[in-house]
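Each chain is listed here by its residues.
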Amino acid sequence: MKKLLVIAAAVLSLSACTSTQQGAAVGAVGGGIIGAATTGSVLGTAVGAGLGAVAGAAIGKVADQPGKCYYRNSRGQVFIDTCPRG
């Protein structure tokens, strides 16, 4: 049954519209799998899925903006700016 749920989640993640949504879906599936594998609990799965979705959405957001990169300052704040040329 667990395998069926994982496969269904993976298929649904590929049908998302934008790259931000796709990133969030893939991140949630991956985070949920990692959370379940490391903790063996529903709470670990939920936390992993939530964190994975946030990280995946952030990565997907950059994919929607070619030539843009994420940067983090010394206070931990994240901002988007033009990528350095090189």
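Note that this is a predicted model, so its numbers are computed, not measured.

**Concerning the overall build of the protein**
Working step 1: Scanning the protein from N- to C-terminus turns up three helices and two strands.
Working step 2: Here the protein holds 86 residues, and the buried ones make up 15% of them.
Working step 3: Taking as baseline every contact in the protein between residues at least 6 positions apart, the subset at least 24 positions apart corresponds to 30%.
Working step 4: Summed over all atoms, the accessible surface of the protein reaches about 6,100 Å², with 70% contributed by carbon and sulfur.

**Some points on the confidence of the model for the protein**
Working step 1: Residues at a pLDDT of 70 or more form 74% of the protein, whose mean pLDDT is 76.
Working step 2: Highest mean pLDDT in the protein belongs to helix α2 (residues 19-39) (82); lowest belongs to helix α1 (residues 2-14) (62).

**Concerning the pairing of strand β2 (residues 78-82)**
Working step 1: Sheet analysis places strand β1 (residues 68-72) next to β2, joined by five bridges and oriented antiparallel. Across the sheet, the residue bridging to K68 is T82, located in β2.
Working step 2: Linkage of β1 to β2, two consecutive antiparallel strands, is achieved through a turn of five residues, within which G76 is found at a positive phi near 90°.

**Some thoughts on a nonpolar patch on the surface**
Working step 1: Among the surface-exposed residues, L43, V47 and L51 lie close enough to one another that they form a single nonpolar patch of about 320 Å² accessible area.
Working step 2: Mapped onto the secondary structure, L43 falls in helix α3 (residues 42-63).
Working step 3: Residue classification places L43 among the exposed positions, given a relative accessible area of 64%.

**Concerning the environment of A55**
Working step 1: Looking at the element boundaries, A55 is found in helix α3.
Working step 2: Each C-alpha atom, one on A55 and one on G23, is 8.0 Å from the other, the two residues being 32 residues apart in sequence.

**Remarks on α2**
Working step 1: Across its 21 residues, α2 extends 29 Å between first and last C-alpha, which sits within 8% of the 30 Å expected from 1.5 Å per residue.
Working step 2: Every buried residue of α2 is listed here: G23, A24, G27, V29, G31, G32 and G35.
Working step 3: Once α2 ends, the next one or two residues include G40, with phi positive near 70°.

**Re the environment of R72**
Working step 1: For R72, the position within the fold is in strand β1.
Working step 2: Within the local environment of R72, its side chain forms a polar contact with the backbone oxygen of G76, the two atoms lying 3.0 Å apart.

Rules of the game
- Residues numbered from 1 in each chain as written.
- Predicted model: local features only at pLDDT ≥ 70, side-chain atom pairs only at ≥ 80, totals over all residues.
- Heavy atoms only, no water.
- Helix = DSSP H or I, 4+ residues; strand = E, 2+ residues; numbered from the N terminus.
- Buried < 20%, exposed > 50% of the residue type's maximum accessible area, 1.4 Å probe, protein only.
- Contact = heavy atoms within 4.5 Å.
- Areas by Shrake-Rupley, 256 points an atom, 1.4 Å probe, with all protein chains shown as cover.
- pLDDT = per-residue confidence, 0-100.
- Pairing = 2+ DSSP bridges.
- Patch = residues over 30% accessible without salt bridge, like charges linked within 9 Å, V, L, I, M, F, W, Y side chains within 5 Å.
- Salt bridge = Lys/Arg side-chain N within 4 Å of Asp/Glu carboxyl O.
- Expected span 1.5 Å × (residues − 1).
- Polar contact = N/O pair within 3.5 Å; in protein donor to acceptor, adjacent residues only side chain to side chain.

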